[in-house]
Each structure stands twice: as structure tokens, then as C-alpha cells.
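Residues per chain are reported as follows:
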Amino acid sequence: MVLTKRIGIVLVAVGLVVVLALGLRGLSAPSAWAQGQPGSTEKASPQGKGAGGGAKVISPGGPPETPPLPPAKEAFENARSSDPAARAYGLTQVSTLYAASRDEAVLKEAERILREAALHGQTATMRQTAVQGLGNKADRNLEVILRVSYDPDPEVQKGAVQALGNAGLSAAADRRLEQLMASADTTVAAAAVDVLMQRHANRGAEGAGPLIVALGIERGDANGKAALALLRLGRPAVPALMAALSSSPNAVQRHGAAVVLGLLCGGKSERQAALAEYGKAEHVLQPRFSDPDLRPLAVLQDRLLRDPSALVREACAQALGYLGSPAAGKALAQALLRDPAPEVRVRATSALIMIPGTTALEALKSAAQFDKYPRVRRFAVEALGWSEDPRAADALMAATRDPDEEVRRLACVQLGRLKVQAALPALTALFEDPSEDVRWAAVMAVDKLRNRDAVPALVRAVQDSSVLVSHAAETALQKLGEVRRADSHLRQG
């Protein structure tokens, strides 16, 4: 799937909330991202022996303690044993020694044993344990680890992938991980993606280029994981992302660049604060930056209007909403009126909710009444209301007659919020709407008007079959100084 479907990056009406559980697949398996010591493993001790290499001992009332290293002689003897269980346990001991010992003679012998087992171990478990042990000093063993990465067993390959993650700057390691990203075994491919993206991320700004390239690779969730790494890298990656969005021939990469730019460059805005206050909401996850970064504004507008991929145009519209700049209103209005893809028009219209000013007013009025796609009309009605422009009232009142009940409901909400007195006849007409939600929204909107001309209609609404509508009508009458109630409703209560 494409990046937006995997990561879930959503602009909630109360502000930017980055959901980085963004639904990425491939993160459920253990990976180099989460392991503190990729070379260590925990095995059950054969024949009643104690737990092997690197296991933690919990001391009562204190933090975990690392037990003493196993005796080298015992570890080496076990690793050479003819008994498979003892040999497997011995390899775990040797791995622990290799990770922590400072005795050069011990290290050389451990290294020899682990290399032999990684390449020629009788079982996949032995080979996996050995290659993970070599990963503790990956640079000394890079050639062997690369050979083991061709092992036919997927678990051994994954052990080699983890070990490659510990190598220093190595073009050979990166190339092999790129090859393993295309593995027919999806668990191997996912592990390779995890490790390679983390290697790029660890390079800081120098890793931005390879991560941006990975935005164009869908296999193994590479594009989603690259996006997460770029978000951690932050705004230093913005210029390179702008260049990719502007000129990359890969539509998937351009799409990813637009999404990451929106998330990196968005910030808090007055419109977000107003929406949050109206919805009685608060920011649970705060944006990383208080001020938006408007450097990508021009390239986002250009790609919104000219990119051949509807998916890219949609991401650009969403990103412009994140930036919240009034300067984006004109381009969003053009997309709303002209773009042939309904989802692009939806994103453009929802972005306009976050854009202050009335640059797009005429486009929104047209879309609210004539766009064939109901979701476009819904967002257009909301954007019209939040434009705070009295000229939007006629279009909002017309929307109360829309065939889509959600458009009618939203029109009621905005007319009530704006206290449009001229809308009273249109709103009271909706007291007979077949949708309970629309009737309730209409009564709530009339309540906000505080207009005594609504009393007869509200009295009739008290008789509504819906308790929700009836109660709202009673409350509205009480605020107007009326205390009439229907006996039938009192019995319901």
C-alpha cells in the first residue's frame, strides 16, 4: 500500500496528531530498532545447567545485574561437544564471552569457533546463534556475516541481518541489506528494511538522501519506515524532500515526500486553536514545532496543480492544510474547482478549513452546492462556516436542502454556530427531516439563534419521537422563557 494508507498520518480538526502506529506492517517481529544487543540470545541450559550468555538476574530490591562471564574453558568445551544440545548451549556461552571479554586470546578462540559455526553449524539454530554472536564485533567479521546472509534458512538470514546492523559505515553491508529487502521471505525482507533504515537514520543529515530514496520503495514497508526515520531527523531534511517532490520521476517517492513535508513543516495555528476550543478538545500530542515552516509552500502548490499523480496531488493538498498559510488558499481553490479526482477535491476542501481568509470563498460556495461527490460538499460546508464570512450564509442555507443527510446536518451546525437569523425558516423546515441526526442538529441550531419566532416550531418538536430531539426542543424553549412540555415526553423521561 501507499504511504498514507500505512502510516496514518491524520489531520484532526483540533490540530496535527501524528499517529505513528501510521498501521505499519513488518514491525511486529523483533528488529535491530528495538534490540539493545543484537548478538545476544537466551537459550535453555541443557542437562540442568544454568542459564547461558548475557541473561539478567533480578536482585530483590535492586536493578537487574549481569552475572559473571562463563568460564572460557567450559564454554569452549561445550561448543566443541558432540552432543547437539550442549554444543548449542556452548555457542551461547561463547557469544557472551565474545561480546564482553577483554582477553585477546579468548576473543580469538571465540571468534574462530563462532565463524566456523556460523558457516557450517549442523542446525539453523547453531548458525543463527553464531552469526548473532559475531555481530557483537561486526566490523571484524563483516566478510563472514555477508556470506552467512546467503544461508538458505530464513532465521539464519535474519540473524545475519541483525549482525549487519552493527557494522560501521559499510557500502557492502548496505548493498546486501538492499538485496535482502527484496527477499521472497517477507520476514527477512522486513528485518532488512528495519536495519537498513536505522543505519541511514543513524547517519543524521547524511542519511537523509538514502531515506528519501527509500520513500519510493513499497516492499517491506520501506517507504513507511523511511518516513518515520525522516520525521525523527526533523527539518534539516526539508530541502532534500522539496527537491524530491519537485523532480523525482517516482510517484510513490513524491507522495512520501509531500506527506513528510506536511508533517515536518506544520505547526500550531490560530485556526487549530479555534477548532479545538469549539470542539472542547485539547492537543494530546503536541506538534514538534510551534511555528510552521513555509519553505515548501511553493513546491506543494505547484505539485498540487500540476502533478500527474492524483495521490501526490492529494498529499500536497493535505500538507498545505497542515501549513495553514493563507497564501495557499488560491491554489487549493483551483484544485477544488478543477481537479478531476474526487479525493483530491476532498483533501483540498478539508485543507481550506484550516486556511484563514476568504480567498477560496467562491470556490467553496460552488463546491457546497454543485460538486457531485458528497464528501466534497460536506467539507465545503464546514469550510464555509469557518470562513466566518457573512457571504457564506446563502450557500449554507441552500445546503440544508442537500440530498445527503450529513451535508444537511453540517449546514445546521454551521448556521447555528454563526447565528444566521435569516436561516430560521430553513432550519425549522428540517424539524420534519427523516434523519434524527439532522432534526437534532436543526433544533440545536435554532436554540443558538434565541429567536422567539421559533417557539411554535419548537413546541411541535417537543412531540418528536426521538428523545434526543424532544429534549433539545424543551431546552431551547426554556431558554426562551417557555416552560411547555408534552405529557408524552414526560412519561418517556
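Residues numbered from 1 in each chain as written. Predicted model: local features only at pLDDT ≥ 70, side-chain atom pairs only at ≥ 80, totals over all residues. Heavy atoms only, no water.

### What to know about the environment of L304
1) Next: Tracing the sequence through the fold places L304 in helix α15 (residues 297–306).
2) Next: Note on L304: relative accessible area 1%, which makes it buried.
3) Next: Each C-alpha atom of the pair L304 and Q334 lies 9.4 Å from the other, and the pair is 30 residues apart in sequence.
4) Next: Excluding anything up to four places from it in sequence, L304 contacts R313, C316, A317, L320, A331, L332, A335, D339 and V344. (Helix = DSSP H or I, 4+ residues; strand = E, 2+ residues; numbered from the N terminus. Buried < 20%, exposed > 50% of the residue type's maximum accessible area, 1.4 Å probe, protein only. Contact = heavy atoms within 4.5 Å.)

### With respect to the pattern of salt bridges
1) Next: Scanning all chains against the criterion turns up 28 salt bridges.
2) Next: R377 serves as the salt-bridge partner of D402, at 2.8 Å between the closest nitrogen and oxygen. Taken together, the residues span a long stretch of sequence, with D402 in the loop between α21 (393–399) and α22 (405–418) and R377 in helix α20 (residues 374–386) at a distance of 25 residues.
3) Next: The exposure class of D402 is buried, given its relative accessible area of 7%. (Salt bridge = Lys/Arg side-chain N within 4 Å of Asp/Glu carboxyl O.)

### Looking at α22
1) Next: The end-to-end C-alpha distance of α22 is 20 Å, a good match for the 20 Å that 14 residues give at a rise of 1.5 Å each.
2) Next: For α22, the complete set of buried residues consists of V407, R408, L410, A411, C412, Q414, L415, G416 and R417.
3) Next: Capping of α22 at its N-terminal end is provided by D404; its side-chain oxygen lies 3.1 Å from the backbone amide nitrogen of E406.
4) Next: Just past α22, the residue K419 takes up positive phi, approximately 55 degrees. (Expected span 1.5 Å × (residues − 1). Polar contact = N/O pair within 3.5 Å; in protein donor to acceptor, adjacent residues only side chain to side chain.)

### Focus on the nonpolar core
1) Next: L215, L230, L241, L245, L304, L332 and L458 are the most contacted members of the largest nonpolar core, which totals 140 residues.
2) Next: Those residues in contact with L241 that sit more than four places away from it in its chain are I212, L215, L230, A257, V260, L261 and L264. (Core = buried A, V, L, I, M, F, W, Y, C linked by side-chain atoms within 4.5 Å.)

### Overview of the side chain of S435
1) Next: Following the sequence through the fold, S435 ends up in the loop between α23 (424–429) and α24 (436–449).
2) Next: Accessibility expressed as a relative area gives 8% for S435, which makes it buried.
3) Next: Those residues in contact with S435 that lie beyond four places of it in its chain are E405 and R408.

### Some words on the confidence of the model for the protein chain
1) Next: With 80% of its residues at a pLDDT of 70 or more, the protein chain shows a mean pLDDT of 84.
2) Next: For the protein chain, per-element mean pLDDT is lowest for strand β1 (residues 9–12), which scores 34, and highest for α15, which scores 98.
3) Next: Low pLDDT, under 50, characterises residues 1–59; the predicted model gives this stretch 129 contacts beyond four residues in sequence or across chains.
4) Next: Confidence drops under a pLDDT of 50 for residues 485–493, and excluding neighbours within four residues, the segment shows 14 contacts in the predicted structure. (pLDDT = per-residue confidence, 0-100.)

### Describing the side chain of K158
1) Next: Among the structural elements, K158 can be located in helix α7 (residues 154–164).
2) Next: Among all residues touching K158, those that are not within four sequence positions of it are T187, V188 and A191.

### Quick notes on the environment of R87
1) Next: By the secondary structure assignment, R87 is in helix α3 (residues 84–100).
2) Next: For R87, a relative accessible area of 14% puts it in the buried group.
3) Next: Distance from R87 to A117, taken between C-alpha atoms, is 9.9 Å for residues 30 residues apart in sequence.
4) Next: In contact with R87, not counting residues within four places along its chain, are N78, A79, S81, S82, Q122 and M126.
5) Next: Polar contacts involving the side chain of R87 include one to the main-chain carbonyl oxygen of S81, which spans 2.7 Å.

### Some details on helix α17 (residues 329–338)
1) Next: Listed in full, the buried residues belonging to α17 are G329, A331, L332, A333, A335 and L336.
2) Next: Contacts made by the buried residues of α17 are with α15, α16 (310–323), α18 (342–353), α19 (361–370) and α20.

### Quick notes on the packing of helix α4 (residues 104–120) against helix α5 (residues 124–134)
1) Next: It is the contact of α4 with α5, at a shortest axis distance of 7 Å, that shows an interaxial angle of 135 degrees. The orientation of α4 with respect to α5, classified from their angle, is oblique. For the pair α4 and α5, the sense of crossing is left-handed. Residue-level inspection shows E111, L114, R115, A117, A118 and L119 of α4 in contact with α5, the latter providing R127, A130, V131, G133 and L134.
2) Next: Split by residue class, the contact of α4 with α5 holds 7 nonpolar, 1 polar and 3 charged. (Axes fitted to C-alpha atoms, helices over the stretch in contact; angles between N-to-C directions. Parallel < 35°, antiparallel > 145°, perpendicular 65-115°, else oblique. Left-handed = near helix turned anticlockwise from the far one by under 90°. Nonpolar A, V, L, I, M, F, W, Y, C, P; charged D, E, K, R; others polar.)

### Observations concerning unusual backbone geometry
1) Next: Of note in the backbone geometry, K419 takes a positive phi value of approximately 55 degrees without being a glycine.
2) Next: As for its position among the elements, K419 is in the loop between α22 and α23.
3) Next: Although it is not a glycine, R450 adopts a positive phi angle of roughly 50 degrees.
4) Next: Among the secondary structure elements, R450 is positioned in the loop between α24 and α25 (455–461).
5) Next: The class for R450 is partly exposed, based on a relative accessible area of 45%.

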